[in-house]
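Listed below, chain by chain, are the residues.
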Amino acid sequence: MCYNISAKKTPQELEKRFNATVANGETISPHYYVSGFNHFKTPVIASVEPNAIHSYHWGLIPAFCKDIKDAKDMMIKTLNAKSETQQKKNIALLFDLAK
């Protein structure tokens, strides 16, 4: 339950730290103290591609959302979601809506 985040590392620092490379076409910029309500893109290493650093929008959406409009609306309402209840409430991680 966090509304603010700091992701201060440069792409080069992230690559060195996690032994991964920034995925083609991805733009990763350091951020300091950004509000979750801005739903900015943050660096993510997904388990399906552990050697690549992607840039995903911050947010959660319930699986019942039917389209992008519903998903964007729910992103605002789920910033206070708990990871412990994610499965019970059928909430899925939201990756990049722009892709």
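Residues numbered from 1 in each chain as written. Predicted model: local features only at pLDDT ≥ 70, side-chain atom pairs only at ≥ 80, totals over all residues. Heavy atoms only, no water.

## Structural notes on the sheet that holds strand 2 (residues 21-22)
Our working definition: Should DSSP find at least two bridges between two strands, the strands are regarded as paired. For the purposes of this entry, the term helix denotes a DSSP run of H or I that reaches at least four residues, the term strand denotes a run of E that reaches at least two, and both are numbered from the N terminus.
Across the sheet, which stays open at both edges, the three strands sit in the order 2-5-4 with mixed pairing between neighbours. Both outer strands of the open sheet, strand 2 and strand 4 (41-44), are each paired with one neighbouring strand and no more. Sheet topology places strand 2 next to strand 5 (residues 52-57); two bridges connect them, and they run parallel. From the neighbouring strand, T21 faces strand 5, where its bridge partner is A52.

## Considerations on the confidence of the model for the chain
Let me state the cut-off plainly: Per-residue confidence from the predictor is reported as pLDDT, a score between 0 and 100. Contact criterion: two residues are considered in contact whenever any of their non-hydrogen atoms come within 4.5 Å of each other.
Residues with a pLDDT of 70 or more make up 78% of the chain, whose mean pLDDT is 79. Confidence drops under pLDDT 50 across residues 94-99; counting only partners more than four residues distant or on other chains, this segment forms 19 contacts.

## Some remarks on the nonpolar core
Note the threshold: Definition of nonpolar core: a set of buried residues of the types Ala, Val, Leu, Ile, Met, Phe, Trp, Tyr and Cys, connected through side-chain atoms within 4.5 Å. Relative accessible area decides the class of each residue, using a 1.4 Å probe on protein chains only: under 20% of the type maximum gives buried, over 50% gives exposed, and in between gives partly exposed.
L14, A20, V22, I28 and I53 form the largest nonpolar core, which has five residues in total. Those residues in contact with V22 that lie beyond four places of it in its chain are P11, E15, I28 and I53.

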